Amino acid sequence: MEDPIQLKEEGNKYFQASDYEKAVQSYTQAIKLNKDKALQAVLYRNRAACFLKKEEYVKAASDASRAIDINASDIKALYRRSQALEKLGKLDQAFKDAQKCATIEPRNKNFQETLRRLGANIQEKLRIQFSTDLRVQKMFEILLDENSEKEKREKAANNLIVLGREEAGAERIFQNNGVSLLLQLIETKNAELILAAVRTLSGMCTGHKARATAILHYLGIDNICMWMSVDNEEISLAVCNLLQSITDCLLGQGKEEHHGKEEAVVLDTKKDLRMITMRLLDMLVSKKVSGQGRDRALNLLNKNIPRKDLKDHDNSRTIFVIDNGLKKILKVVGQIPEMPDCLPLTENTQLTASVLLNKLYDDLRCDPERDNYRVICEEYIKSKIDPQDMDKTLHAIQMVSGVLQGPFDLGNKLLGMKGIMEMMVALCGSEREIDQLVAVEALIHASTKLSRATFIISNGVTLLKEIYKKTKNEKIKIRALVGLCKLGSAGGTDYGLRQFAEGSTEKLAKQCRKWLCNTSIDARTRKWAVEGLAYLTFDADVKDDFVEDEPALQAMFELAKTSDKTILYSVASALVNCTNSYDTKELVPELVQLAKFSKQHVPEEHPKDKKDFVVKRVKRLLKAGVVSALACMVKADSAILTDQSKELIARVFLALCEDPKDRGTIVAQGGGKALIPLAVEGTEVGKIKASHALAKIAAISNPDMAFPGERVYEVVRPLVSLLNTERDGLQNYEALLGLTNFSGRSDKLRMKIVKERALPDIENYMFENHDQLRQAATECMCNLVVNKEVQERFVADGNDRLKLVVLLCGEDDEKVQVAAAGALAMLTAAQKKLCLKMTEVTTQWLEILQRLCLHDNMEVQHRGLVIAFNLISADKELAKKLVETELLEILTYIGKQEDDARKQHIINVARDCLTKCMDYGLIKPLSRA
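The text that follows walks through the structure, step by step, so that each part is easy to find. The model shown is predicted, which means the values in this text are computed figures rather than measured ones.

The next thing to look at is helix H32 (residues 611–624). For the α-helix, the turn length of 3.6 residues means that residues three or four positions removed from each other point alike. When the terminal C-alpha atoms of H32 are compared, their 20 Å separation across 14 residues agrees well with the 20 Å that a helix rising 1.5 Å per residue should span. Listing the buried residues of H32 in full gives Val614, Arg617, Val618, Leu621, Leu622 and Ala624. Along the axis of H32, the buried positions cluster into a sector of 160 degrees, meaning they face one direction only. Opposite the buried face of H32, at more than 90 degrees from it, the exposed residues are Lys616 and Lys623. Glycine 625 sits one or two positions beyond H32 and adopts a positive phi of about 95 degrees.

Okay, here's the thing in structure tokens:
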């Protein structure tokens with residue numbers, strides 16, 4: 001067992017060396033082992049000092065309090081708690097602690113100064129609080145007075161929203177009966193006032209669990225859901241954001257803030273969360289709820305019910321929704337918009353419900369849970385099948401169709417239910433157009449897997465062709481065509497697995513493009529034309545024709561920008577196909593020969609899928625304005641923008657960024673901004689692709705223009721994520737180039753790179769055998785060493801950072817030498833300690849320095865001479881050591897050269913070195929003859 005006193009001493013040493021993390025570890029271990037009360041108080045107050053340095057003020061205050069509990073007059077603990085409380089904004093409590101310190105040591109000037117400062121801050125806080133109270137009162141007076149000028153009311157409403165987002169302002173509104181007054185504003189039925197009130201409430205709830213809970217109970221979940229149900233997009237969205245803020249607080253997510261004694265109150269949030277979930281599920285099947293409101297409820301369920309991280313074993317929220325609301329979600333996906341009894345829907349409602357079904361199914365942990373889900377679906381669908389009531393049966397088929405768009409494996413099992421496939425085929429042959437419409441859609445969704453499609457090819461193609469030829473209804477005609485498109489593309493990109501005769505897919509695609517460009521057809525029907533192209537563009541002939549048809553491209557991009565988000569996946573799929581940004585398996589020639597010998601099928605590449613054709617297609621898409629369409633698609637605040645859709649968009653962006661000449665256009669059209677959220681959220685593959693695209697842009701663009709304002713700091717993390725041995729060499733290289741570019745811009749960016757823990761990874765790449773990776777990493781480090789924290793890491797004992805840089809200066813690769821010599825020049829100029837340390841890290845240091853000073857490359861030579869000057873300037877003894885070597889001859893040779901504008905900067909540094917040596921009295925000036 002270790003000794004607590006030794007651990008305390010160890011912690012003290014770490015503290016003095018500014019290694020606060022290790023100091024905390026030592027003190028914590030000592031606290032666990034220690035039995036002596038007096039020592040325990042010292043350990044707690046020492047750990048509090050570490051937490052103060054680490055800016056973890058809640059922990060600092062807590063530890064100081066524990067020390068004070070043991071010894072009430074522990075002046076150091078009192079002062080440290082005062083400092084922590086001041087940082088947490090608890091000025092009155094901080095003042096009391098400082099007062100106790102001043103009472104114990106009245107002559108201590110530091111305590112007196114702290115008291116004066118805290119007293120002034122408290123007075124200022126009270127003044128602001130008083131003026132805030134008056135402002136809040138005045139704002140409500142203006143807003144509730146119907147005779148107030150419109151401009152005054154708008155200004156008051158905006159001020160109220162701003163105030164609600166600030167902690168002090170939110171608390172003043174809350175304490176001054178503000179929630180009641182905000183409720184009055186909502187009841188005015190004036191849209192602008194309702195928006196202002198709801199947005200203010202949102203701000204007040206953010207990051208404050210107790211206040212959010214109080215507001216939820218005061219307003220009532222029924223009222224909140226009723227306001228969200230209104231047929232006004234802005235109000236519905238604002239109320240949805242309010243409910244999300246409340247839910248975030250109840251789940252303990254979002255912006256965490258500390259609010260004094262509130263943490264001591266244990267709030268049981270499960271009951272409130274279940275109440276919110278039940279009301280949202282009720283909204284799904286209520287006829288009183290608008291389509292907008294239903295979408296909001298579905299989006300909230302999508303966002304808050306499934307687990308964010310599958311490592312978290314608690315999926316009780318999902319189980320609760322399945323038990324209490326799965327049938328309600330199925331009812332939504334089973335709606336048929338063309339029928340009179342349909343619930344109010346938007347174009348996005350049913351696909352959002354399918355996405356929710358998928359997320360719930362994916363969130364289940366074991367087979368019994370999945371079986372329960374399937375049984376509920378099967379029983380509910382069976383209850384809807386009635387041979388005597390065709391309308392009821394249609395709803396059942398529509399439900400299967402909806403599930404197929406969600407958890408596909410479950411949908412496949414439902415297709416296997418007795419009578420479902422037969423019913424679909426029978427409906428195709430029905431005289432009623434509505435029957436054909438539902439059946440064709442179901443067939444399309446059923447034929448996603450090749451095996452299933454093969455079954456339908458033999459059974460359903462004849463029916464689809466029949467419907468396509470006979471029907472006069474464009475809506476059914478286009479869906480039948482998409483069914484044929486989907487079946488025609490069942491072989492994917494494999495040229496040898498074409499399902500239809502040569503030329504058939506081009507004919508289908510031509511018809512799809514024709515419908516897509518026909519603006520007289522409703523958008524929902526034109527969407528199906530894009531769906532068809534998403535399948536047909538597996539064929540390279542179709543891709544080439546499509547990108548040449550600019551009106552068709554423009555029509556697709558315009559549809560992608562509309563409020564109908566169900567088209568996102570289809571557009572993204574078509575673009576992935578056109579840019580060939582899907583994954584392809586590399587064919588091993590030996591295995592191909594073996595497969596041919598054993599008469600196995602070998603995938604064939606279409607001649608038009610070769611690189612030069614792909615490049616031409618990318619250029620055509622860029623010219624047609626694909627970037628602005630993609631940027632618009634990324635902004636979709638809907639559950640329909642699934643992680644899979646984000647991955648497809650990221651793939652397209654990466655393909656577009658391939659040519660450096662196109663990257664400026666991509667940035668100008670909003671591509672840089674659009675890529676940031678794709679690099680942060682989505683599938684692992686999607687995040688990597690988006691990060692790589694960002695790296696390509698960051699490597700050659702001016703960061704201030706590509707990522708203006710604070711946005712540039714958001715790009716650092718995606719770039720750092722590519723510095724990973726699991727990523728390929730090109731991703732590593734371009735990420736390093738991007739970080740090099742960033743680290744040359746500002747110290748704030750350098751600090752961000754350090755905070756993202758990129759330094760160890762960059763150092764690892766400086767050891768790389770690959771020349772370009774080693775060069776890029778060294779150049780990046782050259783820019784980073786300007787930062788003070790990076791310099792301190794070089795100064796710290798027990799690392800080989802400086803040794804690595806010195807040895808890299810001796811490399812044969814000129815570019816590596818330039819970067820390493822630049823880093824060494826800056827380090828030795830900034831830190832005198834490093835000048836001495838440089839002579840100790842390796843015996844080769846002098847030889848390397850001399851080689852630098854005699855280098856043919858003037859840039860390397862200049863940097864070598866600067867290093868020599870830094871060493872001479874740092875210490876007389878070190879200068880004496882250098883003068884006694886051949887370096888003096890080198891400096892004399894360079895310094896005596898005639899003035900030459902081309903290399904004057906080099907000659908001047910050599911002369912400065914000699915002058916410094918003369919100042920030390922180590923050499924004498926030459927007497928001129």
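This part takes up the nonpolar core. Ranked by size, the top nonpolar core spans 261 residues in total, and within it Tyr373, Leu516, Phe653, Leu656, Phe707, Phe742 and Ile762 carry the most contacts. Not counting the four nearest positions on each side in its chain, phenylalanine 707 is found in contact with Gly672, Ile676, Leu694, Ile697, Ala698, Val712, Val715 and Phe742. The next biggest cluster of nonpolar side chains, apart from the first, holds 33 residues, and it includes Tyr57, Ala61, Ala77 and Ala98.

A few words now on the environment of glycine 291. With respect to the secondary-structure elements, glycine 291 resides in helix H16 (residues 291–304). Each C-alpha atom, one on glycine 291 and one on leucine 345, is 4.0 Å from the other, the two residues being 54 residues apart in sequence. Setting aside residues no more than four positions away along its own chain, glycine 291 makes contact with Pro344, Leu345, Thr346 and Thr349.

A word on the packing of helix H47 (residues 832–841) against helix H49 (residues 858–874). Between two packed helices, both the angle of their axes relative to each other and the distance between the axes serve to describe the pair. Two numbers describe how H47 lies on H49: the axes approach to 9 Å, and their chain directions differ by 105 degrees. Between H47 and H49, the angle falls in the class roughly perpendicular. Within the contact between the two elements, H47 uses Lys832, Cys835 and Met838 and H49 uses Ile867, Asn870, Leu871 and Ala874. Classifying every residue of the contact of H47 with H49 gives five nonpolar, one polar and one charged.

With that out of the way, let us pick up empty space enclosed by the protein. In total, this model carries three cavities of 30 Å³ or more according to the counting rule given. Roughly 100 Å³ of internal volume is contained in the second largest cavity. Along its surface, the second largest cavity is lined by Leu243, Thr247, Leu251, Leu273, Ile276, Thr277, Leu280, Leu300, Leu301, Asn304, Ile305 and Arg317. Elements with a contribution of two residues or more to the lining of the second largest cavity: helix H14 (233–251), helix H15 (270–284) and H16. It is H15 that provides the largest number of residues to the lining of the second largest cavity, a total of four residues. Here the residues of the lining of the second largest cavity sort into eight nonpolar, three polar and one charged.

Where helix H46 (residues 814–830) meets H49, the axes come as close as 9 Å, and the angle between the chain directions of the two elements is 25 degrees. Of the possible angle classes, the one that applies to H46 and H49 is roughly parallel. Two packed elements cross with a definite hand, and for H46 against H49 that hand is left-handed. Between H46, through Glu814, Gln817, Val818, Ala819, Ala821, Gly822, Leu824, Ala825, Thr828 and Ala829, and H49, the contact on the second element is made entirely by Glu859, Val860, Arg863, Val866, Ile867, Asn870 and Leu871. Grouping the constituent residues of the contact of H46 with H49 by class yields ten nonpolar, four polar and three charged.

As a working rule, side chains carrying opposite charge can pair if their charged atoms are close by. Summed over the entire model, instances satisfying the criterion amount to 45 salt bridges. The partner of lysine 54 in a salt bridge is glutamate 56, and the shortest N-O contact between them spans 3.4 Å. For glutamate 56, a relative accessible area of 25% puts it in the partly exposed group. Where arginine 620 meets glutamate 548, a salt bridge forms, and the shortest distance between an N and an O atom there is 3.9 Å. Pair noted here: arginine 620 is in helix H32 and glutamate 548 is in helix H28 (residues 540–548), with a separation of 72 residues, a long-range link. Assessed through its relative accessible area of 25%, arginine 620 is described here as partly exposed. When salt bridges with common partners are traced through the structure, they connect Glu21, Lys54, Glu56 and Lys59 into a single cluster.

Rules of the game
Residues numbered from 1 in each chain as written. Predicted model: local features only at pLDDT ≥ 70, side-chain atom pairs only at ≥ 80, totals over all residues. Heavy atoms only, no water. Helix = DSSP H or I, 4+ residues; strand = E, 2+ residues; numbered from the N terminus. Expected span 1.5 Å × (residues − 1). Buried < 20%, exposed > 50% of the residue type's maximum accessible area, 1.4 Å probe, protein only. Arc of directions from axis to C-beta. Core = buried A, V, L, I, M, F, W, Y, C linked by side-chain atoms within 4.5 Å. Contact = heavy atoms within 4.5 Å. Axes fitted to C-alpha atoms, helices over the stretch in contact; angles between N-to-C directions. Parallel < 35°, antiparallel > 145°, perpendicular 65-115°, else oblique. Nonpolar A, V, L, I, M, F, W, Y, C, P; charged D, E, K, R; others polar. 1 Å grid on protein atoms, 1.4 Å probe; cavity = no way out; pocket = protein on both sides within 12 Å on 5 of 7 lines; lining within 4 Å. Points joined across faces, edges and corners; volume = space filled by probe spheres on them. Left-handed = near helix turned anticlockwise from the far one by under 90°. Salt bridge = Lys/Arg side-chain N within 4 Å of Asp/Glu carboxyl O.

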